[in-house]
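Coordinate inspection notes
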Amino acid sequence: MSDAVRADALLDEMPREGRGRLKVFLGAAPGVGKTYAMLQAAQAQLRQGVDLRVGVVETHGRAETEAMLTGLPQQPQQRLEYRGVALSEMDLDGILAKPPKLLLVDELAHSNAPGSRHSKRWQDVQELLDAGIDVYTTVNVQHLEALNDQVRDITGVQVRETLPDWVLQEADEILLIDLPPRELLERLREGKVYVPEQARAAIDAFFSQTNLTALRELAMQTAAARVDADLSRRYRQQGQQAPALRGRLLVGIDGDAQAERLVRHACRVAERRHLPWSVVYVDTGGERDETRLSYLQGAQQLAERLGGEVVSLRGSEVSKTLIEHARERRASLILVGRSRQRLRRIWHLGRGLAERLLQLGQGLEISVLDTEASHTPALSRRRQPVVWRDYLLALLATLLASAVALGLSRVLELPNISLILLAAVLVVAVRSSLGPAMACAGLSFLAYNFLFIPPTLTLTIDRQQDVLTLLFFLLMAGLTGNLASRQRRQLQALRETQRETSALLELSRKLTAATDRQAVLAAAMQQLGLWQDVEVSLLSRSPDALWKVEAGAQRLLTDLERAAADWSWQHDQPAGLGTGTLPDGRWWWLPLSGEEGPLLLLGISPKDGRSLPAERRRLLTALGQPLAQALERAQLAEDLEAARLHGQTEELRSALLASVSHDLRTPLTAMRGSIDSLLALGEQIPLADRRELLEGTRDEAERLDRYIQNLLDMTRLGHGGLKLARDWVAPADIVASATQRLRPVLSPLQLEIQVPQQLPLLYVHAALIEQALVNVLENAARFSPPQGRLRVAIEADAEELRFIVSDQGPGIPEHERTKIFDMFYTAARGDRGGQGTGLGLAICQGMLGAHGGRVTVGEGLDGLGASLTLHLPLHAQPQMEEEQ
Amino acid sequence: MSQNPATILVIDDEAQIRKFLRISLTAQGYKVLEGATGQEGLAQAALGKPDLVVLDLGLPDMDGQQVLRELRAWSQVPVLVLVLSVRASEGEKVLALDGGANDYVTKPFGIQEFLARVRVLLRLAGGVEQASAAVSSGPLQVDFAYRRVSLDGVEVSLTRKEYAVLAQLARHIGRVVTQQQLLKDIWGPTHGEDSHYLRVVVGHLRQKLGDDPTAPRFIVTEAGVGYRLREAL
C-alpha cells in the first residue's frame, strides 16, 4: 500500500478545518420517524449543554414530534412572498448572524421558495457547514439523485426534489432510521403520518407494502455502501490493502434521452466497484441542434453533480475514439447504451457500437445498458433550415452533367457516362450537405436511367444487367455523397475547434506577455469579446462593498444580480444564471481568484435572452484559471514596484535626516560659539576680533538661511509641487541677484563676470533659476583656493542660453561627473565633501529639469578645477513694440 | 530727524525680532511702539498715531493684508507701511504693495537695509510721491520740470518710455515700484503682464546710464516684484 494512498485516507479523516459536521438521519419513506429521532438526539445534546437551535423542523402535525420539539430554542423563519402566497423558509442570514454550535434542519432535499438565496436547502446547509455550524438533518432515500430512476421504477413516481450524491458522501455520520413496512402502514392508518388531502391518491399508491419494502432495501443498501466505504477507508489508514483503485469506468453518451440514465447507472456501477469514472462524448461532426445539445448538457451536468469527470472528444468514429481514450486513461470498463437508431445500424453494416467496441477493445470490459423506450419521448425530427439554394445547385449540377454526358455519349461507353454523373454528385456533396447530395444522387439516377439506359428517353429498363448497373450507380452515388458531405461537416467542425483552441492559445499567449493589470484586462477583453453572443464584464469590489466595472460592458444590475455577485465574491464560487445559487438574474458570475481570494469578478450575460450552455461555462471556467494567474502576477509586480519605491523613499529620508542633522548644526555651532565668546569674554577680546566674531556669526546665519531654502526647494521638488510662475527675465538680473546674495562668500575670491551686452530674454521662474545659480556658485566658491579665480559667464545661441561657472578648485574627476547630482551620492559623502549641503547640486538639476534644461560638467579655468554649465532652452522672443 | 522724532510702530509676533528692531530704531533716535498681534497693532496705531508701521505679514491672528486694509481704511493721513515678508513669496509682496504698502524687506534682512528703507519712507512724511522737482542719486540727476536726465552733468538722451520708467522710479527713489504698476502707468491698463517690454526698456536704460547689469548701481531689479532706484551709496 503506497504511502500516498494512506496519506490521502488520513487526510480525509482529519476534521476539515473550521467546517461543521453533518449528521444525516436517513429513512426509506416519510413517516419512519427520522424527524423524531433527530429531535431526540438534539434533546440529548441540549442536556449536555450544547448551544443548539432549530433551523427548520416540519412536524406535519404529529403530536409526538411536537412534544419532542418543546424546550428546543427556535430560529424564527423568514417570510417570503411569491405570487401573493406567503411562504416561510429557514432564515439563513439570521442564523449566520448569530451562529449556534448545532443547528437542526429538516428535509435536506427541500426546494426553497423563489427569492431565497439558494434554490435548494442542501446548498443552504453547505453554507452553514462552511461557517463552522454542525448540522443534523433528515433525508428520504427517494431524494438521492443516483437512485432517482430506481425509485421511479419502484414507485412509478418521479421525484423532483433531488440531492446530489456527494452531499451524502461528505456527511460525517449517517444514521439509518428503519421501520418495517407493516408497522409503517399501521401508523398511516392510525393517522400518525400526515397525508395531504390532495395527494391522497398518489400517496396510497406510494404506500403499498411492496413499494415500502423495496424502498427499505434501497435505504439499507445506501447505508451499507456507506459502511463499506468507511470500512475500506479505515483499512487504508492502517495501511492494509482494501479494494485498491484500479482502472476507470468510461461511459459513452450521445445527445439523446437515454444519456442521463446511462450516467446514473455508471455512477452506481463505479461506486460499487470503487472506480473513478468519466463521461465521454464523441463528436463526429454531426449536426448540432438544440435538442441534442440540451440532452447532452443535462447528462454532463448530472455527471458533474454525481462526481464524475466530463470529457468531450472529437473523432470520425465513435468506437475507435472511445477505445483510444480508454487506453490513454487506463480504463478498465466501458459502458454504453444500445444503439437505437436503425439508420446507424444499417450504416455500420448491422453492427452496433457495442459490437464494434467488443471487436476493438481487447482487454477491456464492455458493458451495454439497454434502456427502456417507454419513458423516453421520441427524438424530435432534426429540423434543419432547408437551404433551397443547395437543392437548386443539385438540380443544376445534374442537368449540367447530363448535358455533358449527352455530348460525350458518342465517344464514351456507358459505364464512363455514369462517372460524369457521379462527379456531379461529388461536387454537390462537397459544396453543401447530405440532403442536397442525396437529392442529386437520386436525380442523377433518374437522368442516367432516362437518358442513357436503353431504351433511352424512358424510365423503363430493357436489359437485366442494366438494372444492376443502375442500382450500383445509386449505391455509389449515395456512398460518395454521404462520405463527401460527412468530410465537409468534419472539416467545418475541425475548423470550429481549431478556432476555439487557437483563441484559447491566443489568450494564454497574450496573458504571458501582459506585464501589468491594464494589459491583462485588455487582453482578456479582446479574447472574450470574440464571442459575439454574450456580454462580458469584469468587476472589482472595493473593501466597502462597492462594485466598479474595470472593463467590458457597463450594465445596470438588478438587486438579485448584485446579490449573486456579492455571494460569488464572498464564497469564491460561481453564482447566478445557470447555477444553483440566485439563478434568476441575467448574469453568470465567475470569481477570478489568487492566493488571497478573488481579484476580479467575471460576468457573462447572454444577449437576446438566450441561455448560457454548460459547455460555455466550463470553457470560461477553464479560461478563468490563466486569467486569474495573470492578474495575480500583475498584482505582485505592482506590489514589488511599490515596495521598491517605498524603499527608495526611506533611503532618501534617512539620507536627508543625516544631512539635516549635520548641516544645520554646523553653522549653529559656529554662531553659538562666537556669541558665547563675546558674552563671556567681551571686553577682553580686542575690537577687531570682536568684529570678526560678529561678522562670522552673521555669515553663518546667512548660510543657514540658504540651507533652509534648499530644504524647502527639495520638498517642493519631491512632491511635484513645483509650480512654475514663468515670466520674462533678463539673464543679467539673475547673475546680479545671485552674486549679491553670496557677497560674503565670494568676497575672498577673484570674481570675474563675463556677460555680453545683448542677451535674449529668458521665460523662466526667476527665483528658481537664481537659486540654482546660487547653489552652483556656492559650490564653486567652497572648493576654490583662497584668492582663486571664479568666473561667471553667459553664452547664448539660437536654441539655448548657458550660465557657466568655472573655478580653480580640485576639479571633479570624470567618473564622478554624473554622480555629483545624485542626492544619495553627495549626501552620503557628507563630511568628507567639505561644508555639507550635499543637496545643492541635486536641487540645481531639479530646478533646471523643471524648465526643460540641464546641467553639465566640464573643465575649469586654466586646466584646473571644474566648470558647471546651466543650460536653459530659449523660448521664441516676444514681439517688441516699435521704438518711439 | 532732529525735530520731533518719528514714531514707528512695529507689529510682529516674534519677541526677538521686536527686540532687536526696537533697539536698532531707538538707537537711531526713533520712538518705537510695539504690537504682538494684528489686533494689538491696530489698537496701538489708533492710540499712538505712528508715522510708519513696520508690519510682519505672517501674523497669527489676522492676515497681514487685512491689517493693511484696516490701517488704510480709518486713517485720514495715509500711514506709511513697510512690510516684512519671507523669501520666495513674491506674490504676497506684490499683493501687499498693491494693497497700500509702501515698501518691503525680506526676512532675514540686514539691519542696514532695513534702516535705509525706513529712512527713505519717513522722508516722504505726508506725501506718497516725491514732491521735489528733481531727484538725484549720486552722479545721476533726474529733473522732472525739464524732463532732463543727466549723468555727471552730461545730459543723457532717452526715449519717451525710457524717461517715463526712470522718472517713475525716481519719484519713488529708494522704494520699490511693482512692475505691474510701471506697466499700467506707462503702457496702459491692459499691459500689466507684458513684462518683456519693461525688461528691454530697463536694459536700454542701464546701458545708457553706463550701469553694469550684473552689478547695477542705479536701477536694481527686485526679482518677481519690480524695480528700485537706489539712493546715493
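Residues numbered from 1 in each chain as written. Chains lettered and ligands numbered in written order. Predicted model: local features only at pLDDT ≥ 70, side-chain atom pairs only at ≥ 80, totals over all residues. Heavy atoms only, no water.

Section: the overall build of chain A
In terms of regular secondary structure, chain A is built from 28 helices and 24 strands. Per-residue burial for chain A yields a buried fraction of 44% across its 884 residues. Put simply, of all contacts in chain A between residues at least 6 apart along the chain, 71% involve residues at least 24 apart. Of the roughly 46,500 Å² of accessible surface on chain A, 54% is carried by carbon and sulfur atoms. (Helix = DSSP H or I, 4+ residues; strand = E, 2+ residues; numbered from the N terminus. Buried < 20%, exposed > 50% of the residue type's maximum accessible area, 1.4 Å probe, protein only. Contact = heavy atoms within 4.5 Å. Areas by Shrake-Rupley, 256 points an atom, 1.4 Å probe, with all protein chains shown as cover.)

Things to note about the sheet that holds strand S1 (residues 7-11) of chain B
All names here are of chain B. In space, the 5 strands of this open sheet follow the order S2-S1-S3-S4-S5, with parallel pairing throughout. Each edge of the sheet is formed by a strand with only one pairing partner; in this case those strands are strand S2 (31-35) and strand S5 (103-107). In this sheet, adjacent strand axes meet at a mean angle of 20 degrees when their direction is disregarded. In this sheet, S2 lies alongside S1 in parallel orientation, the contact comprising 5 bridges. Opposite Ile8, over in S2, you have Val32 as the bridge partner. Contacting S1, strand S3 (52-56), strand S4 (80-86) and S5, helix H5 (residues 111-124) runs over the sheet at an angle of about 155 degrees to S4. (Pairing = 2+ DSSP bridges. Axes fitted to C-alpha atoms, helices over the stretch in contact; angles between N-to-C directions.)

Things to note about the interface of chain B and chain A
On the chain A side, the residues contacting the 24 residues of chain B number 25 residues. Across the chain B/chain A interface, buried area totals approximately 2,000 Å², and carbon plus sulfur atoms make up 49% of it. Where chain B touches chain A, the interface holds 2 salt bridges. Close ionic contact of Asp733(A) with Arg206(B) constitutes a salt bridge, the shortest N to O distance being 2.9 Å. Linking chain B with chain A are 5 residue pairs in polar contact (both at pLDDT 80 or more), by the criterion used here. Among the elements of the structure, helix H6 (160-171) and helix H8 (195-208) of chain B are those that each provide at least two residues to the side of chain B that touches chain A. Looking at which element gives the most residues to the side of chain B that touches chain A, the answer is H8(B), with 8 residues. Of the residues contributing to the side of chain B that touches chain A, the split by class is 10 nonpolar, 8 polar and 6 charged. (Buried area = accessible area lost by both parts, 1.4 Å probe. Salt bridge = Lys/Arg side-chain N within 4 Å of Asp/Glu carboxyl O. Polar contact = N/O pair within 3.5 Å; in protein donor to acceptor, adjacent residues only side chain to side chain. Nonpolar A, V, L, I, M, F, W, Y, C, P; charged D, E, K, R; others polar.)

Considerations on the nonpolar core
Residue and element names in this part refer to chain A. Core analysis: the biggest nonpolar cluster contains 45 residues, and Leu762, Leu773, Leu777, Leu790, Phe803, Val805 and Leu870 have the highest contact counts within it. Sort the elements by how many residues they give to this core and helix H26 (residues 766-783) lands first, with 10 residues. Among residues more than four places away in sequence, those in contact with Leu762 are Asp727, Trp728, Val729, Pro731, Ile734, Leu801, Phe803, Leu872 and Leu874. (Core = buried A, V, L, I, M, F, W, Y, C linked by side-chain atoms within 4.5 Å.)

Describing the sheet that holds strand S11 (residues 219-222) of chain B
Remark on secondary structure: sheet strands pair via backbone hydrogen bonds, oriented parallel or antiparallel. Residues and elements named next belong to chain B. Read from one edge to the other, the open sheet built from 3 strands follows the order S10-S12-S11, with strand pairing classed as antiparallel. Looking at which strands have only one partner, the edges of the open sheet turn out to be strand S10 (176-178) and S11. Sheet twist, expressed as the mean angle between neighbouring strand axes with direction ignored, is 30 degrees. In the sheet, S10 pairs with strand S12 (residues 226-229) via 3 bridges, with the strands oriented antiparallel. Residue pairing for S12: Val177 is matched across the bridge by Tyr227. The sheet contacts of helix H7 (residues 179-186) involve S10 and S12, and relative to S10 the element is tilted by about 65 degrees.

A closer look at empty space enclosed by the protein
A probe as big as a water molecule, rolled over the atoms, marks out the empty space that is left. All names here are of chain A. Under the definition given, this model contains 5 cavities of 30 Å³ or more. Looking at the largest cavity, its volume works out to about 60 Å³. As for the largest cavity, its lining consists of Ala28, Ala29, Val32, Asp178, Leu179, Pro181, Leu184, Leu212 and Arg216. Class assignment of the residues belonging to the lining of the largest cavity gives a composition of 7 nonpolar, no polar and 2 charged. (1 Å grid on protein atoms, 1.4 Å probe; cavity = no way out; pocket = protein on both sides within 12 Å on 5 of 7 lines; lining within 4 Å. Points joined across faces, edges and corners; volume = space filled by probe spheres on them.)

Some thoughts on the confidence of the model for chain B
Confidence along chain B averages 86 in pLDDT terms, with 92% of residues attaining 70 or more. For this predicted complex, the interface confidence score (ipTM) comes to 0.84, while the overall pTM stands at 0.48. (pLDDT = per-residue confidence, 0-100.)

Some remarks on the packing of H7(B) against H8(B)
All names here are of chain B. Their axes nearest at 10 Å, the elements H7 and H8 cross at an angle of 90 degrees. Compared by their axis directions, H7 and H8 come out roughly perpendicular. The residues of H8 that touch H7, namely those facing Gln179, Leu182 and Leu183, are Ser195, Tyr197, Leu198 and Arg199. (Parallel < 35°, antiparallel > 145°, perpendicular 65-115°, else oblique.)

Things to note about the pattern of salt bridges
Residue and element names in this part refer to chain A. As enumerated under the stated definition, the model contains 46 salt bridges over all chains in all. Here Asp134 makes a salt bridge to Lys101, at a shortest N to O gap of 3.0 Å. Taken together, the residues Asp134 in strand S6 (residues 134-140) and Lys101 in the loop between helix H4 (92-97) and strand S5 (102-105) connect sequence positions 33 residues apart. Classification of Asp134 by relative accessible area gives buried; the value is 17%.

Quick notes on the pairing of strand S4 (residues 85-89) of chain A
Residues and elements named next belong to chain A. Of the strand pairs in this sheet, strand S3 (residues 78-82) and S4 are connected by 5 bridges, and their pairing is antiparallel. Its bridge partner being in S4, Gln78 is matched across the sheet by Glu89. In this structure, the hairpin formed by S3 and S4 is closed by a connection of 2 residues, where Arg83 is found at a positive phi of approximately 55 degrees.

Description of the environment of Ser508(A)
Residues and elements named next belong to chain A. Position of Ser508 among the secondary structure elements: in helix H19 (residues 464-513). Judged by relative accessible area, which is 34%, Ser508 ranks as partly exposed. Distance from Ser508 to Leu627, taken between C-alpha atoms, is 8.1 Å for residues 119 residues apart in sequence.

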